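Listed below are the residues making up each chain.
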Amino acid sequence: MSERRRSHPPSHRENLDDASPAPSESRVQPRKQFGQHFLTDPNLLNKIVRAADLEPGEVVLEIGPGLGHLTRAMLDAGARVVAVEVDRDLAPRLEQEFASRSEVTILQGDFLTAAPEEWLARAGLENFRYKVVANLPYYITSLILRRLLAAAHPPTNLVVMVQKEVAQQITSKPGQMNLLAVSVQFYGKPRVVGIVPAGAFYPRPKVDSAIVRVDLGQSPEFSMIDSRKFFEIVRAGFGVRRKQIHNALARGLKLEAAAVQARLARAGIDPRRRAETLSLDEWRQVYEQFAV
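Scope of this entry: the structure provided in the associated data block. In this text, all values refer to a predicted model and were calculated from it rather than measured experimentally.

What follows is about the environment of Leu 278. Position of Leu 278 relative to the elements: it lies in the loop between α11 (257-267) and α12 (280-290). As for Leu 278 and Met 177, which are separated by 101 residues in sequence, their C-alpha atoms are 7.5 Å apart. In this structure, Leu 278 is in contact with Pro 174, Met 177, Ile 269, Arg 273, Trp 283 and Val 286, ignoring residues within four places of it in sequence.

In structure tokens, the structure reads:
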């Protein structure tokens, strides 16, 4: 007795290492200047949506909707989506695509030119709690994350697709920390939800990607910190690669070496350590000694 093979819908791509655009998408030429790599696999799109824990009616800010595949998946989950697209050709295409969906607003523009709450206000959504879900362009990932995390009205959480290497940096532990890791972990708790192979995108990038979720919210000991001063100190610490922390801080903050060593001693930090070995709590202790 022969076994019938179950066929998959045409949109499902079994071989993610050989993804190709659907016929209707082949007319869209991805632009390198915007770092466009379109994700179309429905399983991965739904995984991103599930990671965001979307409730019906929740507001989502999407950065770089591209062809609108993730946008549609979020709408199908009941979200109210505000999508900001920098590409002047794709934005009207998206408006036409979702013309019948009142729960989505397409805004054309460079996300980095305005605060997140300003984009929501342009969609008529002021003082709303919101989430961020996006497939971020690789070349401006750090800039977008900083804009979101330090916003006057930040999201409750964000689920973003980033380079696998960046995801590893964001979630790194003491010993492998960098400025981006400290920045993200200062504002929230990041975790990798899943790895996405390069072949899942059109066109195929040179590296794999990862889905990262960051739940925003600070513990009481960090909520009272002057973030501007905190990051001035942290940037100084990471300012010179592989320098011992006392040398980096003395140079970056323009302080006498003896004074720096004395303050580090009061913070309980060995001055011979390097910035990448400090935990977030240790950076708080350094801040308390240098933010005077």
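So much for the structure itself; the text now carries on.
Moving on to the packing of aromatic side chains. Counted by the stated rule, this structure contains 8 aromatic pairs. With a centroid separation of 4.9 Å and 85° between ring planes, the pair formed by Phe 186 and Tyr 187 is classed as edge-to-face. The pair Phe 186 / Tyr 187 is uniform in exposure class, with both members buried. Arranged with centres 6.0 Å apart and planes meeting at 55°, the rings of Phe 230 and Tyr 287 form a pair that is tilted.

The next subject is unusual backbone geometry. For Asn 127, which is not glycine, the phi dihedral falls at a positive 60°. Positionally, Asn 127 belongs in the loop between α4 (116-122) and β5 (130-135). By relative accessible area, Asn 127 is classed as exposed at 76%. Phi at Arg 242 takes a positive value of approximately 65°, unusual for a residue other than glycine. As for its position among the elements, Arg 242 is in the loop between α9 (227-237) and α10 (245-253).

What follows concerns the environment of Phe 290. Secondary-structure assignment places Phe 290 in helix α12. We classify Phe 290 as buried; its relative accessible area is 3%. Taking the C-alpha atoms as reference points, Phe 290 and Ala 267, separated by 23 residues in sequence, lie 9.5 Å from one another. Not counting residues up to four positions away in its chain, the partners in contact with Phe 290 are Lys 229, Ile 233, Leu 249, Leu 253, Leu 255, Val 260, Arg 263 and Leu 264.

So, how was this worked out
- Residues numbered from 1 in each chain as written.
- Predicted model: local features only at pLDDT ≥ 70, side-chain atom pairs only at ≥ 80, totals over all residues.
- Heavy atoms only, no water.
- Helix = DSSP H or I, 4+ residues; strand = E, 2+ residues; numbered from the N terminus.
- Contact = heavy atoms within 4.5 Å.
- Phe/Tyr/Trp six-rings, centres within 6.5 Å; stacked < 30°, edge-to-face > 60°.
- Buried < 20%, exposed > 50% of the residue type's maximum accessible area, 1.4 Å probe, protein only.

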